[in-house]
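# Architecture at a glance
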Amino acid sequence: MKVLVVMPFKDKHKVLMAQNFPQVEFIYERNPGKELVENVEAIIGNVKPSLLKDAKNLR
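This write-up is about the structure you can find in this document. The model shown is predicted, which means the values in this text are computed figures rather than measured ones.

## Overview of the sheet that holds strand β3 (residues 42-44)
As summarised here, the arrangement of the three strands in space is β2-β1-β3, forming an open sheet in which the pairing is parallel. In this open sheet, the two strands that pair with only one neighbour each are β2 (25-28) and β3. Here the strands of the sheet are splayed against their neighbours by 25° on average, with no regard to which way each runs. Relative to β2, strand β1 (residues 2-5) runs parallel, the two being bridged by four bridges.

## Some details on the pattern of salt bridges
If you walk through the whole model with that rule in mind, you get three salt bridges. Between Asp54 and Lys34 there is a salt bridge, with its nearest N and O atoms 3.4 Å apart. With Asp54 in the segment after α3 (49-52) and Lys34 in helix α2 (residues 34-38), the pair connects residues that are 20 residues apart, well separated along the chain. Its relative accessible area of 28% is what places Asp54 among the partly exposed residues.

Definitions and limits used
- Residues numbered from 1 in each chain as written.
- Predicted model: local features only at pLDDT ≥ 70, side-chain atom pairs only at ≥ 80, totals over all residues.
- Heavy atoms only, no water.
- Pairing = 2+ DSSP bridges.
- Helix = DSSP H or I, 4+ residues; strand = E, 2+ residues; numbered from the N terminus.
- Axes fitted to C-alpha atoms, helices over the stretch in contact; angles between N-to-C directions.
- Salt bridge = Lys/Arg side-chain N within 4 Å of Asp/Glu carboxyl O.
- Buried < 20%, exposed > 50% of the residue type's maximum accessible area, 1.4 Å probe, protein only.

Structure representation (structure tokens):
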């Protein structure tokens, strides 16, 4: 599972996320583009609503 994180995370929190959810690929990007949003299954934080229009993989 790919999860896009668009809110600020400290490095120590990134480590904790990776340790506790090894099956998840976390992608940390503060200003994601359309292509990135379209290819993830979950988003932590807020993205521009216009980017969600074609995000067919979101669960």
